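Secondary and tertiary structure notes
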Amino acid sequence: MADASALRASIDRVEDPILLRPLGDLGMVSKVHAGLLGRTTVDLVVPVPNYPLLDQLEARVRTALAGEGVSSAEVSFSVMDDSARTAMMSRVRPDGAPKVGQPGSRTRVVAITSGKGGVGKSSVTTNLAVALAETGRSVGVLDADVWGFSIPRMLGITHPPVVIEESIFPPAAHGVRAVSMDYFVGDDQAVIWRGPMLHKAIQQFLEDVFWDDPEFLLVDMPPGTGDVAISMSQFLPRAQVIVVTTPQPTAQRVAKRAALMAQKVNQEVIGVVENMSWFAGEDGTRYQIFGEGGGTDLAAELGVPLLGQIPLLPEMGRGADDGVPVELAAPGSEATRAFSDLAVAVVGRKPRVRTRPELVIR
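Quick notes on the rules
- Residues numbered from 1 in each chain as written.
- Predicted model: local features only at pLDDT ≥ 70, side-chain atom pairs only at ≥ 80, totals over all residues.
- Heavy atoms only, no water.
- Phe/Tyr/Trp six-rings, centres within 6.5 Å; stacked < 30°, edge-to-face > 60°.
- Helix = DSSP H or I, 4+ residues; strand = E, 2+ residues; numbered from the N terminus.
- Buried < 20%, exposed > 50% of the residue type's maximum accessible area, 1.4 Å probe, protein only.
- Axes fitted to C-alpha atoms, helices over the stretch in contact; angles between N-to-C directions.
- Parallel < 35°, antiparallel > 145°, perpendicular 65-115°, else oblique.
- Left-handed = near helix turned anticlockwise from the far one by under 90°.
- Contact = heavy atoms within 4.5 Å.
- Polar contact = N/O pair within 3.5 Å; in protein donor to acceptor, adjacent residues only side chain to side chain.
- Core = buried A, V, L, I, M, F, W, Y, C linked by side-chain atoms within 4.5 Å.
- Salt bridge = Lys/Arg side-chain N within 4 Å of Asp/Glu carboxyl O.
- 1 Å grid on protein atoms, 1.4 Å probe; cavity = no way out; pocket = protein on both sides within 12 Å on 5 of 7 lines; lining within 4 Å.
- Points joined across faces, edges and corners; volume = space filled by probe spheres on them.
- Nonpolar A, V, L, I, M, F, W, Y, C, P; charged D, E, K, R; others polar.

Some remarks on the packing of aromatic side chains
This structure, assessed with the given rule, holds 1 aromatic pair. Aromatic pair Phe169 and Phe210: ring centres 5.0 Å apart, planes at 50 degrees, arrangement tilted. Placement of Phe169 in strand β7 (residues 167–169) and of Phe210 in the loop between α7 (195–207) and β10 (216–220) is noted, with a sequence separation of 41 residues between them. Note on accessibility: Phe169 and Phe210 belong to one class, buried.

Structure follows, in structure tokens:
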């Protein structure tokens, strides 16, 4: 039987499913007792009452114990006192740490935008985020579509954020953290906000949410060039932009306006993604249901590359409703390969070196 120090070391390495840090680094392991005649006991402390995903955390601890030869153990939970919670937060979020997307942060912010709704922008955001996470990158998604939020459902996130000492810790699924108005608005409510309230909500999503300095933050933008787009250009002037369109010329013309706004505020448009490019029949024949050429033409007009073409796939639509990204819903499919290739293309589009100041719209 392993001694208490070996068990403690193993449990210290277990990652908390909410904070995504090892329990030892968080100070969440209170006591480990390796019983010689009695049962092994593990006492854990959590930051706040009603802490979610305790079943997942317990399962991870039991897996670690099993790896040390312990098949039966008692795992208990209690709540940290104020001093322990403050000490944990000082390690997790030290004073002076750069905010996401600001100078000093390593995070590349990529806004996924379009001029109109219905082009699959949220689907592109979700599946690109998962594809980036699959390459080993740390990824967050900010659902900035305040009125038409959908990211949590598409990712299959089932619990709200956790608030610890005024910091909001976003939930994660498939290796992707996400924050959205969806967590704060009931199914029977509508968001009826104008400019100032929208501006404040976006500010809180960026400054009060603990993103943990991810390598990528994807922003699912609302359609058009309204208040949210203006606020995002002020908070994240260094963001890169991907424009999503469909093969239809009408969608292409509207999407161009979102690109023109990004260029006007000196954000870098790094490319175009054409969604719903074709549907492939069982015999492999491709059917251009929505026409063809819209993505290619828009990319040429903007002077940027066409980063990817995403085919129509029934499993992708069902997966969006069920919280299953296409990589899991249809592994090995054309759509899965398209998002993997898109992730590689996005990683390769390094941010430009700025030679002129950003334009701020007031």
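Some details on the packing of helix α9 (residues 249–264) against helix α10 (residues 294–302)
Viewed as axis vectors pointing N to C, α9 and α10 meet at an angle of 30 degrees, and their least axial separation amounts to 10 Å. Looking at the two axes, α9 sits roughly parallel to α10. Both α9 and α10 take part in a crossing whose hand is right-handed. Of the residues in α10, those in contact with Gln252, Ala255, Lys256, Ala259 and Gln263 of α9 are Gly294, Asp297, Leu298, Glu301 and Leu302.

Some words on the environment of Trp278
Inspection of the secondary structure puts Trp278 in strand β12 (residues 268–280). Taking the relative accessible area as the measure of exposure, Trp278 reaches 10% and is therefore buried. When the C-alpha atoms of Trp278 and Arg39 are compared, they prove to be 60 Å apart, with 239 residues separating the residues in sequence. When neighbours within four sequence positions are excluded, Trp278 is seen to be in contact with Arg286, Tyr287, Gln288, Gln309, Pro311, Leu312 and Glu334. A distance of 3.1 Å separates polar atoms of two side chains, one belonging to Trp278 and the other to Glu334.

Re the nonpolar core
Counting 75 residues, the largest nonpolar core has Leu128, Leu142, Val219 and Ile242 as the members making the most contacts within it. Residues contacting Leu128, with those up to four places away along its chain left out, are Ile112, Leu218, Ile242, Phe339, Leu342, Ala343 and Val346. Membership of the second largest hydrophobic core comes to 33 residues, among which are Leu57, Met80, Ile164 and Phe169.

What about the pattern of salt bridges?
For the structure on display, the rule yields 9 salt bridges. The salt bridge involving Asp212 is made with Arg21; its shortest N-O contact spans 2.7 Å. Remark: Arg21 occurs in the loop between α1 (4–12) and α2 (23–26) and Asp212 occurs in the loop between α7 and β10; sequence separation between them is 191 residues. The partner of Arg85 in a salt bridge is Asp82, and the shortest N-O contact between them spans 2.9 Å.

Overview of unusual backbone geometry
Excluding glycine, residues mostly have negative phi values, and the peptide bonds linking residues are mostly trans. Unlike most non-glycine residues, Glu165 shows phi in positive territory, near 50 degrees. A relative accessible area of 39% places Glu165 in the partly exposed class. A positive phi angle, near 65 degrees, is found at Asp212, a position not held by glycine.

Here we look at the layout of surface pockets
The calculated volume of the largest pocket comes to roughly 380 Å³. Forming the walls of the largest pocket are 19 residues, and the residues nearest its centre are Arg93, Pro94, Ala97, Pro98 and Phe210. Residue contributions to the lining of the largest pocket peak at 3 residues, all from helix α4 (residues 82–92). For the lining of the largest pocket, a count of residues per class yields 10 nonpolar, 3 polar and 6 charged. Of the volumes computed, that of the second largest pocket is approximately 260 Å³. Forming the walls of the second largest pocket are 17 residues, and the residues nearest its centre are Thr107, Arg108, Val109, Arg238 and Pro351.

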